[in-house]
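Topology and contacts: notes
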Amino acid sequence: MINFPLTEENLLLRQKIRSQMREHRRLLSEEKQRSAVQSVIQHVSIHEKISLAQHIGVFLSFDGEIPTQPLIEYLWQQNKKVYLPVVDPVLEAHLLFVPYHKSTPLIRNKWNIFEPPLEPTQVIPFEKLNILFVPLVAFDKNGQRLGMGGGFYDRTLQKAVSKGPYPIGLAHDCQRVNNFPIAKWDIPLPEIMTPSKIWQRPS
Ligand SMILES: Nc1nc2c(c(=O)[nH]1)N(C=O)[C@@H](CNc1ccc(C(=O)N[C@@H](CCC(=O)O)C(=O)O)cc1)CN2
Ligand SMILES: Nc1ncnc2c1ncn2[C@@H]1O[C@H](COP(=O)(O)OP(=O)(O)OP(=O)(O)O)[C@@H](O)[C@H]1O
């Protein structure tokens, strides 16, 4: 459902889908969350692009997202370098990526999401990332995504269109919807991993 520009009604529909999907994922049991990340690690372990990658952007989960810490530990074991997003204090609604090691201290940002402290000298040039795992709230079979509504990853993905990391969405199966109103700034993902399968964007 493409809509340029979004009508008031469609903006409201996007909001409604966001709150429903956030509630669904928050209601998943701890057991379901634990098995979700183990299934994702299985997909990751046989993923060719990931096996070739050196620098991988991930995120620290909140609000019922697939818990990424076990995935990060798996990537560390594979000798991958892992990076986390930090909200850019200068460029509004942009993300910077900084290294994440076992000993990196973490602080809560204004949404209670853990972030490493921002050391400007540590920021990796975005195009050096090979893979970027992307959080999302809802997705469809064409790779369209709805995020938290801040536009952070839309802006980040725009930078990845021509050069930069290969983006892979990460979500629970229950976050898939048949369709939702798409905005002109929404950038579809080539691939979305859920516990049950990898959704490839049809070409
Ligand atoms: N784990 C993780 N980290 C992430 C994201 C994410 O989706 N997941 N983000 C992906 O973009 C960015 C954070 N974006 C966020 C945007 C809005 C809200 C939020 O809670 N908004 C309030 C409403 C705020 C308002 O409108 O005043 C809410 O929904 O209750 C949280 C995070 C960067 N880090
Ligand atoms: N590439 C962009 N450049 C400038 N503004 C943008 C861009 N992408 C999104 N925005 C703005 O950001 C706001 C939020 O966008 P949207 O509702 O699509 O966020 P989202 O995809 O849910 O969030 P996120 O990308 O952080 O997960 C919109 O008002 C939109 O105008």
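Residues numbered from 1 in each chain as written. Chains lettered and ligands numbered in written order. Predicted model: local features only at pLDDT ≥ 70, side-chain atom pairs only at ≥ 80, totals over all residues.

An unreviewed UniProt entry annotates the chain as 5-formyltetrahydrofolate cyclo-ligase of Hamiltonella defensa subsp. Acyrthosiphon pisum. Taken directly from UniProt, the Cofactor (unreviewed entry) text for the chain runs: "Mg(2+)". (UniProt positions renumbered as here; feature names shortened; annotations may be inferred.)

Here we take up the pairing of strand E2 (residues 81–87). Pairing of strand E1 (residues 55–57) with E2 involves three bridges; the strand directions are parallel. The residue of E2 that forms the bridge with histidine 55 is lysine 81. (Pairing = 2+ DSSP bridges. Helix = DSSP H or I, 4+ residues; strand = E, 2+ residues; numbered from the N terminus.)

Reading across the sheet, the seven strands line up as E3-E2-E1-E6-E9-E10-E11 and stay open at both edges, with mixed pairing between neighbours. Whereas interior strands pair on both sides, the edge strands pair on one side only; in this sheet they are strand E3 (95–100) and strand E11 (198–200). Direction aside, neighbouring strands of the sheet carry axes that sit 30° apart on average. Looking at chain direction, E1 and strand E6 (residues 131–135) are connected through two bridges and run parallel. Bridging from a neighbouring strand, isoleucine 56 pairs with isoleucine 131 of E6. (Axes fitted to C-alpha atoms, helices over the stretch in contact; angles between N-to-C directions.)

A word on the site of ligand 1. Taken together, 15 residues lie near ligand 1, and Trp111, Pro135, Met148, Gly150 and Phe152 sit nearest. Considered class by class, the residues forming the shell around ligand 1 number ten nonpolar, four polar and one charged. (Near = placed C-beta within 6 Å. Nonpolar A, V, L, I, M, F, W, Y, C, P; charged D, E, K, R; others polar.)

By the secondary structure assignment, isoleucine 113 is in the loop between strand E4 (107–108) and strand E5 (114–115). Taking the C-alpha atoms as reference, isoleucine 113 lies 6.3 Å from phenylalanine 62; in sequence the two are 51 residues apart. Aside from chain neighbours lying at most four places away, what touches isoleucine 113 is Leu60, Phe62 and Arg108. (Contact = placed C-beta atoms within 7 Å.)

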